[in-house]
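Structural features, examined
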Amino acid sequence: MSYIIETLGRLVEQTAFLNLTVGNLIMIAVACVFLYLAINRGFEPLLLVPIAFGMLLVNIYPDIMLSFEDAENGTGGLLYYFYKLDEWSILPSLIFMGVGAMTDFRPLIANPKSFLLGAAAQFGIFAAYLGAMAMGFSDKAAAAIAIIGGADGPTSIFLCGKLQQTALLGPIAVAAYSYMALVPIIQPPIMKLLTTEKERKIKMEQLRPVSKLEAILFPIIVTIVVCLILPTTAPLVGMLMLGNLFRESGVVRQLTETASNALMYIVVILLGTSVGATTSAEAFLNWDTIKIVILGLIAFAFGTAAGVVFGKIMCYATGGKVNPLIGSAGVSAVPMAARVSQKVGAEADPTNFLLMHAMGPNVAGVIGTAVAAGTFMAIFGVK
């Protein structure tokens with residue numbers, strides 16, 4: 001009988017119930033909310049489902065993120081090895097290759113002025129940088145936090161790793177991906193506040209056709225120009241443009257399909273679960289996390305507003321030929337931000353079709369956020 005009691009006692013000790021803290025219970029509840037938003041409400045399920053599940057796992061079984069140095073048997077936890085691929089900037093770069101293979105850059109090529117809207121939307125990044133410095137974060141931590149304003153999760157993870165701010169990687173990545181998922185909720189009120197109904201009804205002229213030669217040369221030229229000016233952007237910009245070159249060249253269909261489908265989704269699983277697993281209660285439930293979430297929202301709102309305001313300036317300069325709503329798409333969340341521009345424009349006039357026009361600033365925003373990250377790396381002397 002004593003043997004049975006001892007055995008049952010050991011089994012009870014092995015359960016997670018005895019080790020759960022109030023913080024763990026809070027994070028488990030947060031994970032369940034994220035899963036609800038992803039599954040029931042459809043908020044970026046490809047991102048939120050793996051992130052939320054990683055969050056769930058690490059708060060039930062913390063050793064799933066145990067490093068091999070701390071493990072008694074010398075073997076780390078499963079998600080620890082996934083996380084190292086984030087820290088080494090491998091997964092964010094591969095995500096960019098997939099995005100490049102999936103995205104049509106022709107709207108940007110057809111309307112190069114879109115680069116200005118994409119650049120204007122990066123204002124939120126630098127506004128958040130100053131805000132983070134004012135809140136007491138170090139210069140490198142402030143830069144890593146500020147990039148959330150680009151609404152680009154992979155770039156946030158990439159810069160965080162390069163600036164050696166891995167202690168903040170979890171809150172930064174979760175904030176970045178959460179705001180990407182909440183684009184349809186956050187952006188429309190700002191867009192409507194800053195534009196008149198007449199401006200929202202503006203119909204833009206159809207974009208000119210782009211030749212195959214232009215589409216092939218674009219990723220090559222952008223890679224050469226951007227990487228010569230900011231070599232540190234090569235992992236992101238280079239992979240983005242390589243993926244797009246796969247798409248536009250027409251001679252590597254298998255590589256295009258792999259990069260945009262199988263590889264992309266494998267990387268999303270690895271990156272999402274490992275990012276979620278960085279949100280243990282000890283690492284996530286603190287004042288720094290609250291500050292990061294607030295700063296991320298401010299950065300995202302400022303970026304959206306700056307894009308719309310610059311869109312209004314372009315509208316005035318062109319005599320009413322540019323719908324200011326497309327400026328909000330410059331925040332880089334591809335293609336969600338462009339879809340929001342289309343949706344808000346269609347609410348004002350159901351016959352208005354802004355999606356392709358908004359894709360120009362959207363693609364420019366992806367490049368702009370990578371350039372902003374490279375600029376911070378150059379400022380801090382990181383290679």
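Taking an unreviewed UniProt entry as the reference, the protein chain is identified by name as Sodium ion-translocating decarboxylase subunit beta belonging to Sellimonas intestinalis. UniProt, in the comment section headed Subcellular location (unreviewed entry), describes the protein chain in these words: "Cell membrane".

Let's shift gears to the side chain of Asn24. Along the chain, Asn24 turns up in helix H2 (residues 22-39). Judged by its relative accessible area of 6%, Asn24 is buried. With near-sequence residues (within four places) excluded, Asn24 lies in contact with Asn19, Asn59 and Ala281.

Core analysis: the largest hydrophobic core is formed by 112 residues, its most contacted members being Phe137, Ile145, Ile148, Ile172, Met241, Ile292 and Phe376. In terms of residue count, the dominant contributor to this core is helix H20 (residues 355-379) (11 residues). Every residue in contact with Ile172, bar those within four places of it in the chain, is listed here: Ala144, Ile145, Ile148, Ser156, Cys160 and Ile292.

Let us now look at the environment of Gly124. Of note, Gly124 is situated in helix H8 (residues 123-134). In the structure, Gly124 is positioned 183 residues away from Gly307 in sequence and 9.4 Å away in space, judged by C-alpha atoms. For Gly124, the contacting residues outside a window of four places in its chain are Ala299, Phe302 and Gly303.

Analysis parameters
Residues numbered from 1 in each chain as written. Predicted model: local features only at pLDDT ≥ 70, side-chain atom pairs only at ≥ 80, totals over all residues. Heavy atoms only, no water. UniProt positions renumbered as here; feature names shortened; annotations may be inferred. Helix = DSSP H or I, 4+ residues; strand = E, 2+ residues; numbered from the N terminus. Buried < 20%, exposed > 50% of the residue type's maximum accessible area, 1.4 Å probe, protein only. Contact = heavy atoms within 4.5 Å. Core = buried A, V, L, I, M, F, W, Y, C linked by side-chain atoms within 4.5 Å.

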